[in-house]
Amino acid sequence: MDLETFQKQFRGRRFGELILHHRRENDLQTAIAAIHAVTEELPPPARPLVVSWIDEMNPNAQFDHFWQQDCGEAFAAITTAAAAKLRSAGVQPSADDLFNMFQIIVLNFAYPDCDFVAWNKPIAEKCPNCGGAYLVEKWLKAGPIVQCPNADCKFKRELVVAT
Ligand SMILES: [Zn+2]
């Protein structure tokens, strides 16, 4: 398949929904195995780049628009960055390589506490306990929660995900 065909298939839902879909479909072990399997499909010189690739994409998680954007858009942006990353290592990426680089990011965001990363997404909601200006979403194995970033405040509740 070419990239445009892939991109069309992703169009029509938000990137955040794709991530949540993956969370519902796969457990943590499956996701970790999938990241490793997808990594193995990359050309050998590209494989050592996966960890820094994930690190480079992670800061996006703090921006609302990153989650709200259409999957087709996210796919285009992430594969463009992936192409630059692979070329910097001397790999001329195929459409499948770029698709795999995208899958790695999706799986990583779906399972942030597999040893790859942890991210907190700030949400515009005052802490009802200490009055702090915002709360953060945290993704734990047990499911997403919302908690206060203030270390002295113990406020925490389950995140209700709209489906
Ligand atoms: Zn608080």
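> Describe the overall build of the protein, and please don't skip the residues or the numbers.
The helix and strand inventory of the protein stands at 7 helices and 4 strands. Secondary structure elements in the protein, listed N-terminal to C-terminal, are α-α-α-α-α-α-α-β-β-β-β. Each of the 163 residues in the protein was classed as buried or not, and the buried ones make up 21%.

> Before we move on, could you go through the environment of Leu107 and cite the residues and values that matter?
With respect to the secondary-structure elements, Leu107 resides in helix α7 (residues 95-110). A tally of 24 C-beta atoms within 10 Å means that Leu107 is categorised as buried. On a C-alpha basis, the gap between Leu107 and Leu28 in space is 9.6 Å, while along the polypeptide they are 79 residues apart. Beyond its immediate sequence surroundings of up to four residues, Leu107 is in contact with His22, Ala31, Ala34 and Ile35.

> Now, about the nonpolar core: what can you tell me, with residues and values included?
Counting residues in hydrophobic clusters, the biggest one holds 26 residues, and the most contacted among them are Ile78, Phe102, Ile104, Ile105, Val106, Leu107 and Ala110. Secondary structure elements with two or more residues in this core: α2 (15-25), α3 (28-41), α4 (50-57), α6 (71-88) and α7. At 10 residues, α7 tops the list of elements feeding residues into this core.

> A description of the confidence of the model for the protein should follow, citing residues and the corresponding values.
Scored by pLDDT, the protein comes out at a mean of 83, with 88% of its residues at no less than 70. Looking over the protein, one finds the lowest element-wise mean pLDDT in strand β1 (residues 120-123), namely 68, and the highest in α6, namely 95. Contacts from residues 114-118, a stretch scored under 50 in pLDDT, to residues over four places away or in other chains number 11 contacts.

> Could you give an account of the packing of α6 against α7, naming the residues involved and the relevant values?
The interhelical angle for the contact between α6 and α7, taken along N-to-C directions, is 115°, at an axis separation of 9 Å. On the basis of their axis angle, the class for α6 and α7 is roughly perpendicular. Judged by the sense of rotation from one axis to the other, the crossing of α6 with α7 is right-handed. Where α6 approaches α7, its residues Phe75, Ile78, Thr79, Ala82, Ala83 and Leu86 are matched on the opposing element by Asp97, Leu98, Met101, Phe102 and Ile105. In terms of residue class, the contact of α6 with α7 is made up of 9 nonpolar, 1 polar and 1 charged.

> Describe the packing of α4 against α7, and please don't skip the residues or the numbers.
Between α4 and α7, whose axes approach to 10 Å, the crossing angle comes to 60°. In terms of orientation, α4 lies oblique with respect to α7. Crossing handedness for the pair α4 and α7: right-handed. For the pair α4 and α7, contact is made by Val50, Trp53, Ile54 and Met57 and by Met101, Ile104, Ile105 and Asn108, respectively. Taken together, the residues of the contact of α4 with α7 sort by class into 7 nonpolar, 1 polar and no charged.

Criteria and cut-off values
- Residues numbered from 1 in each chain as written.
- Predicted model: local features only at pLDDT ≥ 70, side-chain atom pairs only at ≥ 80, totals over all residues.
- Helix = DSSP H or I, 4+ residues; strand = E, 2+ residues; numbered from the N terminus.
- Buried ≥ 20, exposed ≤ 12 C-beta atoms within 10 Å, placed from the backbone.
- Contact = placed C-beta atoms within 7 Å.
- Core = buried A, V, L, I, M, F, W, Y, C linked by C-beta atoms within 7 Å.
- pLDDT = per-residue confidence, 0-100.
- Axes fitted to C-alpha atoms, helices over the stretch in contact; angles between N-to-C directions.
- Parallel < 35°, antiparallel > 145°, perpendicular 65-115°, else oblique.
- Left-handed = near helix turned anticlockwise from the far one by under 90°.
- Nonpolar A, V, L, I, M, F, W, Y, C, P; charged D, E, K, R; others polar.

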